[in-house]
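Residues per chain, in single letters:
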Amino acid sequence: MISSRSASLLIGLAALAGPFCLPAAAHAAEAGGAALDFELSDGRAFIRLADLPQRVTVVNFWRSDCPPCVREMPLLADTARQGPSQVVAIALQRPYETANAPGGVLAALQPPVRLLHGPSEPRGLLARFGNRAGALPYTVVLDAQRRTCARQTGEVTADWLNTAIHRCSRT
Amino acid sequence: MNTHALRPLAAALALAFALPALADKQLGDVTVSSGRSVGAKPVLRDEIVATESIGARELEKTGATMLTEALDKRPGISVQTECSICNVRNVVLNNLPGRYTTLLIDGIPIFSSVSTAYGLDSVNLGGIERIDISRGAGSSLIAPEALAGSVNIVTRRPLKDEFMANQQFGSFGQWNTDLFGAKTFAGGALTANFSHNQHDTVDGDGNGVSEYTGFKRNMGGLGFFVDDIGGFKLRGRLDVVEEKRMGGAMGTDYSGVKASMSGNPFDWSKGRNGSPDRNGWIDPSTGTVIPYTDGRGGMSEIIFTDRQQFISSATRKLGEGSLRFAVGYAKHKQDSFYEGSYYKADQTQYYLEASTQQPLGATLVTAGTTYRYEDLSSVGSAYDNTTGVSTVNDGIDNYKYRTPGVFLQAYRALLDGVVELNGSVRYDQHNIFGGITSPRLNVLWNHSHELNSRFAIGRGFRAPTSFFEQDHGILATTRIVRNIKEAETSDNLSYALSYAGDRMAFVGSLNYNRIKNMALLDSGATDPVSGQPITLFTSAHKPVTVVGGDLTVTYKLTPQLETTAAVEHFKYRFSEMGTLAFARPETRAYLRLDYEAGPWTGMLRGTWTGPMDLDKFYGTDRYNFDGTRKLSKSPSYWVVDLRGEYRLNKQWSTFLGIDNVFDFKQSDKESMLWVDGTGSFDVTNIWGPNRGRFIYGGVKFTL
């Protein structure tokens, strides 16, 4: 007969021991692989990544209350203007919050940058694009076949972006 | 290939560098969003503990002006009104009694007995980022008494200077003013907020006795955020609350009502199954009329509340992990008048915490210690309406609890993050109930990027209090005999399956809760030796079990329109009256539409509540004022709310809303007042809305 207190202690020990007892397995980080896709709103229609022009695509995940996200937005806008790659900015917030973003951000989000809004629950979308931890800003560069060839957690630099786009153009 | 992806352990560490209770924080140049929900729905946050999150924007969209309104009408979460003339409102998780829900602010538990009775309406919503709700015993590592779950209010660190003013006017004299300001400086920010909220008493059936309690409430708060002080990231908040509420008699003539203890100002013939005589009600045992002669005061409850509360936490990097200190303090005073009796309570609470989170190999370990102190000191007098004499009864429910505790938690991701485990155990040394161990195990299994499962098994404990609010009758007894030896304990098992796609998301959860030693107050006992009336404070002999499940599906119909459908179903197993003291439905269903396009935002919400087995919860000894039996089963009903907002420009918005559009209220079907077989009245026959259609509108200004 196990007393209630003993049972509690056993459960507690089992709970603590669990994480140490199971073997850790190492898997290679997911990259490249199958063509990625999404179906997100631009405020007027649902846009599928697969329906966009087949060229190198910079996909940036951001929020307006994330300072590094806001800082890198002009660089992404310049990249979009210079071409030939296209830039998709996915706001992980409600359209209302985007509309209230600082003026500089709204100016950068004008075409040719394509502004989309993420789903209400964005973790599936983020994980699909290789960001299971949900850290922002997060940028993925896709080749023309929509396969990941570079990704960056944190603010991007012009050097990193140019190098990534150049590399993705060759794949 | 240039890849840089945060692994689960790294993400957990990142979260550790921010305050543990604050998942969405700046970490150098990275904001860890934890897959934060950005939508209108309470969907699971991407944490190992299933957590439903309600953002500040969602609070606005529902028109909520207080915490209890913000949390109501959600699957597995609701607000229970426990008294028709004082409107004690509790947050109910998994349909367990509201006292088993623990409220935290930035992860610091600073509410208990007195403050959860009337305090939840007075929680300041100014400057908050979101409200996280975790269902299940032990869902909070630092609040083992949360037998049903926890509600954590997370404050927001402003990144720029802000000013917000919100002015709302509504039916029934409702008036709500919210002001919030923030000033940022290099390395920190200061915030200030003020809120005034008032509402008239509402009498739906015309008998002169309110079903909705009137109130006037003022709340002020100051917050501070310092990003680096000796390596610590510091934040804190001071809140002050002052509230007056009165129900029963209409209006706000508090002193006049207290002085009115004779005559009959009410019309007992009004309302459904009203008495044949306006001056009293039928005694079911004799069929004769019992005249009411106790004036306005004899049917009224008046509660004045004063509360000061301070919380602060400091976090810094320590080695490869983090170090955290937290403090909390609350002083809560309640000055009450209950149908002639007086009760004044003074409660003090302290909370201290020191903890560290460190990686040990591939495992993230959190260890810490807490010290909790709370006391209650009361003075009171019981009014005898047959003699008109008051008897002093000071300190009848006094208590003093000291609870030092330690906790240990281990987190590890396996199979490249496909499976995540989180095991924890607490040990608390309670000064009355002794040592208590509370274990918990959580497992997150990512089936795919979009689909995952969460399993949780855990135990919590709560040191029960004999707090007056659970039974006003204790004041009329000479003492409380404490025949209670063990704390209340809850065993909880839960499973949740969630899917997060681009247009569709769903969450389904199953919950099993079994509460042992549920505390009971019986103020109808008699001392076998002296013959004096006493209160017995005992534990239920048999466990109370509540088992249920819920399913929520959200689908984006068009880029502008999103719909949510949800259903919950619960079963209640209990045999002792007074354990589950308030009726809960077996089934509820929810349907919601959210519209957002350009400057327009709209919300339409329908909540269907199924029948409640009133005899099971309230017993059969309940009668209307005309002597007929009360309903055995409540009718099912819909409550429909809608709200629209138009943004005039970046600074100005205007909004209009209607709650309970079709004006369904319980008093149209059955009074919340009732009498027992001997003709004694009570105010707790509650199963439906206590207020009908409520129309409100206002403007919002933001800088």
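Scroll up to find the structure.
Residues numbered from 1 in each chain as written. Chains lettered and ligands numbered in written order. Predicted model: local features only at pLDDT ≥ 70, side-chain atom pairs only at ≥ 80, totals over all residues. Heavy atoms only, no water.

Student: How should I be thinking about the nonpolar core in this particular structure?
Tutor: Counting 58 residues, the largest nonpolar core has B:L67, B:L71, B:L103, B:I131, B:I133, B:I153 and B:L580 as the members making the most contacts within it. With residues up to four places along the chain from it excluded, the contact list for B:L580 reads B:P97, B:M518, B:V544, B:V546, B:Y572, B:F574 and B:F617. Membership of the second largest hydrophobic core comes to 45 residues, among which are A:L40, A:V58, A:A80 and A:W160. (Core = buried A, V, L, I, M, F, W, Y, C linked by side-chain atoms within 4.5 Å. Buried < 20%, exposed > 50% of the residue type's maximum accessible area, 1.4 Å probe, protein only. Contact = heavy atoms within 4.5 Å.)

Student: I would appreciate a short explanation of the sheet that holds strand β6 (residues 101-105) of chain B in the present structure.
Tutor: In a beta sheet, neighbouring strands pair by backbone hydrogen bonds and run either parallel or antiparallel. Residue and element names in this part refer to chain B. Taken together, five strands build an open sheet; the order of strands is β3-β8-β9-β6-β7 and the sheet is mixed. Every other strand in the sheet has two partners, leaving β3 (52-55) and β7 (108-109) as the edge strands with one partner each. Two elements, β3 and strand β8 (residues 128-135), share four bridges in a ladder whose sense is antiparallel. Looking across to β8, one finds that I54 is bridged to I131. (Pairing = 2+ DSSP bridges. Helix = DSSP H or I, 4+ residues; strand = E, 2+ residues; numbered from the N terminus.)

Student: Can you walk me through helix α6 (residues 158-170) of chain A in this structure?
Tutor: Since the α-helix packs 3.6 residues into each turn, any two residues three or four apart lie on the same face. Residues and elements named next belong to chain A. The end-to-end C-alpha distance of α6 is 19 Å, a good match for the 18 Å that 13 residues give at a rise of 1.5 Å each. Residues of α6 that are buried include every one of W160, L161, A164, I165 and C168, and no others. Buried residues along α6 cover an arc of 125° about the axis, so they all sit on one side. In α6, those exposed residues whose orientation departs by more than 90 degrees from the buried face are D159 and R170. As for α6, its buried residues are in contact with β3 (57-62), α2 (67-82), β7 (138-142) and β8 (148-153). (Expected span 1.5 Å × (residues − 1). Arc of directions from axis to C-beta.)

Student: For this particular structure, what's the right way to read the side chain of B:N95?
Tutor: All names here are of chain B. Here N95 shows up in the loop between β5 (89-93) and β6. The buried category is assigned to N95, whose relative accessible area is 3%. Residues in contact with N95, not counting those within four places in the same chain, are V546, E568, F570, Y572 and R584.

Student: Is there a simple way to think about the state of the cysteines in this case?
Tutor: Here, disulfide denotes a covalent bond that connects the sulfur atoms of two cysteines. All names here are of chain A. Counted according to the given criterion, the structure contains three disulfides over all chains. Each disulfide pairs two cysteine sulfurs, and for C66 the partner residue is C69, the sulfurs being separated by 2.2 Å. Its S-S torsion of approximately 75° makes the covalent link between C66 and C69 right-handed. Grouping residues by exposure puts C66 and C69 together as buried. Here the bonded cysteines of chain A are numbered in sequence order, and their pairing is 1-2, 3-4. (Disulfide = S-S within 2.5 Å.)

Student: What am I meant to see in the pattern of salt bridges here?
Tutor: Pairing between side chains of opposite charge can happen when the charged atoms of each approach one another. On inspection of all chains with the given rule, the structure shows 49 salt bridges over all chains. Ionic pairing is found between B:E162 and B:R156, a salt bridge with its closest N-O pair at 2.7 Å. Using a relative accessible area of 26% as the deciding quantity, one classes B:R156 as partly exposed. Residues B:E242 and B:K244 are paired through a salt bridge, measuring 3.1 Å at the closest nitrogen-oxygen approach. B:E242 sits in the partly exposed class, given a relative accessible area of 26%. Several salt bridges share partner residues, and in doing so they unite A:D37, A:E39, A:R48 and B:R503 into one network. (Salt bridge = Lys/Arg side-chain N within 4 Å of Asp/Glu carboxyl O.)

Student: What's the story with the environment of B:K650 in this structure? I'm lost.
Tutor: Along the polypeptide, B:K650 turns up in the loop between β35 (637-647) and β36 (652-659). The exposure class of B:K650 is partly exposed, given its relative accessible area of 37%. Residues B:K650 and B:K270, spaced 380 residues apart in sequence, show a C-alpha to C-alpha distance of 50 Å. With residues up to four places along the chain from it excluded, the contact list for B:K650 reads A:A99, A:N100, A:A101, A:P102, A:G103, A:L106 and B:T702.

Student: Help me understand unusual backbone geometry in this model?
Tutor: With glycine set apart, most residues show a phi of negative sign, and most peptide bonds adopt trans. Of note, the amide linkage connecting A:G83 to A:P84 takes the cis form, showing an omega dihedral of -5°. Checked against the element boundaries, A:P84 lands in the loop between α2 and β4 (86-91). Residue A:P112 is bonded to the preceding A:P111 through a cis peptide linkage, with omega at 15°. With respect to the helices, strands and loops of the structure, A:P112 is situated in the loop between α4 (103-108) and β5 (114-117). Even without glycine at this site, B:E339 takes up a positive phi of about 50°. By the element assignment, B:E339 lies in the loop between β18 (321-338) and β19 (341-360).

Student: Where do I start with the pairing of strand β4 (residues 77-81) of chain B in this structure?
Tutor: The two faces of the sheet receive side chains in turn, since in a regular strand these alternate between them. Burial analysis of β4(B) places five of its five residues in the buried class, the great majority of the element. Residues B:I77, B:V79 and B:T81 line one face of β4(B) and the alternating positions B:S78 and B:Q80 line the opposite face, and both faces are buried.

Student: What exactly am I supposed to notice about the sheet that holds strand β26 (residues 480-483) of chain B here?
Tutor: Residues and elements named next belong to chain B. Taken in spatial order, the three strands of this open sheet run β26-β30-β29, and their pairing is mixed. Single-partner strands in this sheet number two, and they are β26 and β29 (519-526). Strand-to-strand twist of the sheet, defined as the mean angle between neighbouring strand axes without regard to direction, takes the value 25°. The pairing of β29 with strand β30 (residues 533-539) spans six bridges and is antiparallel. Residue pairing across strands places L521 opposite F537, the latter belonging to β30. (Axes fitted to C-alpha atoms, helices over the stretch in contact; angles between N-to-C directions.)

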